[in-house]
Amino acid sequence: IRTFSWGEGPAVLFIHGWGGRGSQASYFVEALNQAGFRVVSIDLPAHGESVGSKTAAPEMVLVLQDVVKQIDGLHSVITHSVGGLLLSYLDRSALEIKSIAFISPPASIAKAVVHFAKDLLQLPPTVNQRFLGIIDALLSKAGLGRFSLLDQAPRITQPVLIVIDENDDVTPLDDAKDIASKIKQCTFCQTEGLGHRRILRDKTTIERVVEFVSQNS
């Protein structure tokens, strides 16, 4: 597993999404370092420079669990897309963090798969349903149930920031709004014209995230 670390101080872990990579954390490095934080990220299995040609949610959760245990002074977590789902399934007894910033978080793997199969692959309804059934069976076997951030949201006790673009072409805006409504302490920010990926390198988004992390020290 390829790991990255920039700077010194309390650690902020960045968790990339499906098809992303750990180096996407670099957009936040300068601002977080100047605020006194160390930035840590990884390439999840079969992503970036990490080994493997295929992976699945259960494996990624296990890898993240091991990584979290090895980070001294973990302060906060920033996630992008499916990275938010992965974070919600980590063992909370080993996750004593002060804040979480979810960027473009999907409500559940089911909704993400339906969008992927129906809108991107354009699978017919019968094939789409079969596809979703296979995914559900694999997740249930791994003990991840429905793999839903929406289901896990009420159990999140830390202050949370959610940022999503109104024209996100991967995560529906309503997904993020639904998640926000389930979290006890949540700040919701909506951007315009950034989509699903450019939002990560948007200066205003970066400033919002860094300010949020700093305020919850």
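Each remark here, short or long, concerns the structure printed above.
What counts and how
Starting afresh in each chain, residues are numbered from 1 along the sequence in its written order. Predicted model: local features are reported for residues with pLDDT of at least 70 only, side-chain atom pairs are reported and counted for 80 or more only, and whole-chain, interface and lining totals are derived from all residues. Side-chain figures throughout are based on the complete set of non-hydrogen atoms in the structure, without hydrogens or water. We count a stretch as a helix when DSSP gives it H or I for four or more residues in a row; a strand needs E for two or more, and each element gets its number in order from the N terminus. In this treatment the radius of gyration is a C-alpha quantity, and the globule benchmark scales as 2.2 Å times the residue count to the 0.38 power. Residues are treated as being in contact if the distance between any of their heavy atoms lies within 4.5 Å. Residues belong to a common nonpolar core when they are buried Ala, Val, Leu, Ile, Met, Phe, Trp, Tyr or Cys residues joined through side-chain atoms within 4.5 Å. Exposure categories follow from relative accessible area, calculated using a 1.4 Å probe and restricted to protein chains: below 20% of the type maximum is buried, above 50% is exposed, and the middle band is partly exposed. Where helices are involved, their axes are fitted lines through C-alpha atoms of the stretch in contact, as for all axes, and angles between N-to-C directions lie from 0 to 180°. Roughly parallel means an angle under 35 degrees; roughly antiparallel, over 145; roughly perpendicular, 65 to 115; everything else is oblique. Should the near helix be turned anticlockwise from the far one by less than a right angle, the crossing is termed left-handed; should it be turned clockwise, right-handed. Under the grouping applied here, Gly and all other residues not named as nonpolar or charged are polar, the nonpolar ones being Ala, Val, Leu, Ile, Met, Phe, Trp, Tyr, Cys and Pro and the charged ones Asp, Glu, Lys and Arg. Put simply, the grid is 1 Å and covers the protein atoms alone, a cavity is a trapped set of points that fit a 1.4 Å probe, a pocket is an open set with protein on both sides within 12 Å along at least five of seven lines, and lining residues have an atom within 4 Å of a point. Grid points are joined across faces, edges and corners, and a volume is the space filled by probe spheres set on the points. Strand pairing is assigned whenever DSSP identifies at least 2 bridges connecting the two strands.

Student: Break down the overall build of the protein chain for me, with residues and values.
Tutor: Looking only at helices and strands, the protein chain features eight helices and seven strands. Its C-alpha radius of gyration of 16 Å places the protein chain within 12% of the 17 Å reference for a compact globule of 217 residues. A principal-axis box enclosing the C-alpha atoms of the protein chain has dimensions of 50 × 35 × 30 Å. If you take every contact in the protein chain between residues at least 6 apart in sequence, the share linking residues at least 24 apart comes to 72%.

Student: I'd like to hear about the nonpolar core, residue by residue, with values.
Tutor: For soluble globular proteins, the rule of thumb is that nonpolar side chains tend to be buried together. Membership of the largest hydrophobic core comes to 43 residues, with the highest contact counts inside it found for Leu86, Phe102 and Phe147. In terms of residue count, the dominant contributor to this core is helix α2 (residues 57-69) (seven residues). For Leu86, the residues in contact, after removing those within four places along its chain, are Ile15, Leu44, Ala57, Met60, Val61, Leu64 and Phe147.

Student: Which residues make up the packing of helix α1 (residues 26-34) against helix α8 (residues 203-215), and what are the values?
Tutor: Taken N-terminus to C-terminus, the directions of α1 and α8 make an angle of 50 degrees; their axes are 10 Å apart at the nearest point. Between α1 and α8, the interaxial angle falls into the category oblique. Crossing of α1 against α8: the hand is right-handed. From α1, Tyr27, Phe28, Ala31 and Leu32 reach across to α8, where they touch Ile206, Val209 and Val210. Within the contact of α1 with α8, the residues separate by chemical class into seven nonpolar, no polar and no charged.

Student: An account of the layout of surface pockets is needed here, citing residue identities and associated values.
Tutor: Of the voids in this model, the largest pocket is the one considered here, and its volume is about 730 Å³. In terms of lining residues, the largest pocket is bounded by 31 residues, among which Trp18, Val82, Ile109, Ala112 and Val113 are the most central. Among the secondary structure elements, those contributing two or more residues to the lining of the largest pocket are α2, α4 (109-120) and α5 (125-141). When residues in the lining of the largest pocket are grouped by element, the largest group, six residues, is from α4. For the lining of the largest pocket, the class distribution of residues is 19 nonpolar, 10 polar and two charged.

Student: Would you mind going over the pairing of strand β4 (residues 74-80) in detail, with residue names and values included?
Tutor: Of all seven residues in β4, seven are buried, a share of seventy percent or more. As judged from the five bridges shared by strand β2 (residues 11-15) and β4, these two strands associate in the parallel manner. Bridge pairing in β4 places Leu13 opposite Val77. Sheet topology places β4 next to strand β5 (residues 99-103); five bridges connect them, and they run parallel. When the bridges of β5 are listed, Val77 appears paired with Ile100.

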